[in-house]
Amino acid sequence: MLNRLTGDDLVIGAPSPNKLTHWWPAALSAWTTKGARDAFFSTPGMGILRRPDAIRRSIADGVSRGDLGYARKKTNDTLELVAFKSPLAEDAVDISDDVVIVRPDEAAKLLEPPRLARVQVSPDGREILPGEAAAFSVTGFNQYGDPFEVGTPAWTSGRSRGGRSGSR
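Below or above, wherever it landed, is the structure these notes cover. On a predicted model such as this, the values are computed, not experimentally measured, just so you know. (Residues numbered from 1 in each chain as written. Predicted model: local features only at pLDDT ≥ 70, side-chain atom pairs only at ≥ 80, totals over all residues. Heavy atoms only, no water.)

Along its length, the protein chain carries five helices and eleven strands. The 168 residues of the protein chain split such that 24% are buried. Split by element, the accessible area of the protein chain, about 10,700 Å² in all, is 51% carbon and sulfur. (Helix = DSSP H or I, 4+ residues; strand = E, 2+ residues; numbered from the N terminus. Buried < 20%, exposed > 50% of the residue type's maximum accessible area, 1.4 Å probe, protein only. Areas by Shrake-Rupley, 256 points an atom, 1.4 Å probe, with all protein chains shown as cover.)

Right, let's get into the pattern of salt bridges. Applying the stated rule across the entire model yields nine salt bridges. Where Arg-115 meets Glu-112, a salt bridge forms, and the shortest distance between an N and an O atom there is 3.1 Å. Classification of Arg-115 by relative accessible area gives partly exposed; the value is 41%. In this structure, a network of salt bridges that share partners links the residues Arg-57, Asp-61 and Glu-90. (Salt bridge = Lys/Arg side-chain N within 4 Å of Asp/Glu carboxyl O.)

Within the fold, Ser-58 resides in helix 4 (residues 55–65). Residue classification places Ser-58 among the buried residues on the basis of a relative accessible area of 0%. If we ignore the near neighbours within four places in the chain, the residues touching Ser-58 are Ala-14, Pro-15, Pro-17, Leu-20 and Leu-68. (Contact = heavy atoms within 4.5 Å.)

In structure tokens, the structure reads:
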């Protein structure tokens, strides 16, 4: 019976890391290792794991290949990256609610935290006559293209050649 279920992919050994990324819940940026394991027992179509800890091999392979990042939850609900694109032993993978797998783009953000990389001033290229007032806004972006808090900008103006006022 087990051979038949295995042949029909209803019962599986160690799933490929691709299976994890394919079935990744869209609402989650980080998936607990326990949640990923339990999904194989509660999600029709994923297949049932022959051995519950076979998921450890899948996670270790995915982390080593760079398909997944492996992180621990810290007390303030932030994540600390443990491994990404580096060898991770199968027996080093914890199955719990305190350890998560993350997609490669999230793992990269954990490797290099977001920082201010670009500032956009709006409106762009506006000319202001002497004594005239104008409103500007500033938006910051990090190195990943996501919005980034810039705080309160300090605006100054000065005279450049031709008598025009410019913003610095």
